[in-house]
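Chains, contacts and geometry: an overview
Spelled out, the chains give:
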Amino acid sequence: PTLREEKRRYVLVGQTVDGIVTRADLQKPVVRMWVFGLITLVETHLSFLVRKFYGTDWEDALSEQRLAQAKDLMESRLQRDEALSLVDCLQFCDKRDLLAKHHEGRTALGFSSRNQAESHLKGIEKLRDRIAHSQDLVAGTDWTEVIDTVLKAEELIERSEGVVDTDTAFAGSQGQQ
């Protein structure tokens, strides 16, 4: 976050400057891998939240074309003995759209409107695409927006973990009865 406002930060060891970190360092593989992992965690949470808020009714909320694409992917995975649920075969954009239009789902994530949820999640998706395709992180944007997107992804995971923890605690108490 400190690189959001400043182009460089000095690293002090005691009273001695021992190094420098610049925005350019954010383009390095280790940072890109960390951001990609963070976004993968966001997507994993989106899958959980689709299951939680839609149950089995999510298929009705998806267009026939998008549902057919997910079913085709699932079928090809099953042929390779890679059994996954149909939700796990959805694309990021499908999960994004499902949660953005589900009032309780987007409220649990702290979004006040469908547009806000879509905008927030599209920003995360665009950053993921730039990383996945080895593009410049700031292509078509600026460092402030990139850093804000990463911070939003972290906030989204924290909010989602609250929903996951609540669900896990509830499931655990049900199992004890």
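What counts, and where the lines are drawn
- The numbers attached to residues start from 1 for each chain and follow its sequence in the written order.
- Residues qualify for local features only when their pLDDT is at least 70, as the model is predicted, and side-chain atom pairs are given and counted only at 80 or more; totals for whole chains, interfaces and linings, by contrast, use all residues.
- Side-chain numbers come from the whole structure's heavy atoms, not from hydrogens or water.
- By nonpolar core is meant a set of buried Ala, Val, Leu, Ile, Met, Phe, Trp, Tyr and Cys residues that side-chain atoms within 4.5 Å join together.
- Buried, partly exposed and exposed residues are distinguished by accessible area as a fraction of the type maximum, computed with a 1.4 Å probe on protein chains only: under 20%, between the cut-offs, and over 50%, respectively.
- Only DSSP runs of H or I with at least four residues qualify as helices, and only runs of E with at least two residues qualify as strands; both kinds are numbered from the N terminus onward.
- Only heavy atoms matter for contacts: two residues are in contact if any of them lie within 4.5 Å across the pair.
- Two strands qualify as a pair provided that DSSP identifies no fewer than 2 bridges between them.
- Here, the term disulfide refers to a pair of cysteine sulfur atoms separated by no more than 2.5 Å.
- For every residue, the predictor reports its confidence as pLDDT, a number between 0 and 100.
- Each reported salt bridge corresponds to a side-chain nitrogen of Lys or Arg within 4 Å of a carboxyl oxygen of Asp or Glu.
- Simply put, an axis is a line fit to the C-alpha atoms, just over the touching stretch for a helix, and the angle between two N-to-C directions goes from 0 to 180 degrees.
- For classification purposes, an angle smaller than 35 degrees is called roughly parallel, one larger than 145 roughly antiparallel, one from 65 to 115 roughly perpendicular, and anything else oblique.
- The handedness criterion is simple: a crossing whose near helix is rotated anticlockwise from the far helix by less than a right angle is left-handed, and one whose near helix is rotated clockwise is right-handed.
- Any residue that is not Ala, Val, Leu, Ile, Met, Phe, Trp, Tyr, Cys, Pro, Asp, Glu, Lys or Arg is counted as polar, Gly included; the first ten are nonpolar and the last four charged.
- Stacked, edge-to-face and tilted labels apply to pairs of Phe, Tyr and Trp rings (six-membered ring for Trp) whose centres lie within 6.5 Å, assigned for plane angles under 30 degrees, over 60, and everything in between, in that order.
- Cation placement over rings: the criterion is NZ of Lys or CZ of Arg within 6 Å of the ring centroid and within 35° of the ring normal.
- Under the convention used throughout, the expected extent of a helix is 1.5 Å for every residue step, that is, one less than its residue count.

Let us look at the nonpolar core. Judged by nonpolar contacts, the single largest core of 40 residues is most densely connected at Trp58 and Leu127. If one sorts the elements of this core by residue count, helix H2 (residues 29-54) sits on top with nine residues. Apart from the residues lying within four places of it in its own chain, the contact partners of Leu127 are Val35, Ile39, Leu137, Val146, Thr149 and Val150.

Turning next to the pairing of strand E2 (residues 16-22). The side chains of a regular strand alternate between both faces of the sheet. Where strand E1 (residues 8-13) lies against E2, six bridges are found, and the strand directions are antiparallel. Of the residues in E2, the one forming a bridge with Val11 is Gly19.

Right, let's talk about the state of the cysteines for a bit. For the coordinates displayed, the defined rule picks out zero disulfides. No disulfide involves Cys89; its sulfur sits 14 Å from the nearest other cysteine sulfur, which is in Cys93. Looking at Cys89, the relative accessible area reads 2%, which means it is buried.

Once that is clear, we can look at the confidence of the model for the chain. Summarising the model, the chain shows a mean pLDDT of 90, and 93% of its residues fall at 70 or more. In the predicted structure, residues 169-177 sits below a pLDDT of 50 and forms zero contacts with residues beyond four places in sequence or in another chain.

Side-chain pairs of opposite charge can arise whenever the charged atoms involved come near each other. Within the structure shown, the criterion is met by 14 salt bridges. A salt bridge links Asp148 to Arg4; the nearest nitrogen and oxygen atoms lie 2.5 Å apart. Within this pair, whereas Asp148 is found in helix H7 (residues 143-176), its partner Arg4 is found in helix H1 (residues 2-5), the two being separated by 144 residues in sequence. Each of the salt bridges in this network shares a partner with another, and the network as a whole consists of Glu43, Lys95, Arg128 and Asp129.

Geometrically, a packed helix pair is captured by the angle between its two axes and the distance between the axes. Taken N-terminus to C-terminus, the directions of H2 and helix H4 (residues 92-101) make an angle of 50°; their axes are 9 Å apart at the nearest point. Put simply, H2 runs oblique to H4. Between H2 and H4 lies a crossing of left-handed hand. Residues Ile39, Val42, Glu43, Leu46, Ser47, Leu49, Val50, Phe53 and Tyr54 of H2 form the contact with H4, whose own contacting residues are Phe92, Lys95, Leu98, Leu99 and Lys101. Here the contact of H2 with H4 is built from residues that sort into 10 nonpolar, one polar and three charged.

On to the packing of aromatic side chains. Tallying each qualifying case throughout the model produces zero aromatic pairs. Stacked on the ring of Phe53, the Lys or Arg Lys52 has its end atom at 5.4 Å from the ring centre.

Spanning 19 residues, helix H6 (residues 114-132) covers 26 Å between terminal C-alpha atoms, matching the ideal 27 Å at 1.5 Å per step. Those residues of H6 that sit buried are Ala117, Glu118, His120, Leu121, Ile124, Glu125, Leu127, Arg128, Arg130 and Ile131. After H6 finishes, the residue Ser134 shows a positive phi value of roughly 55°.

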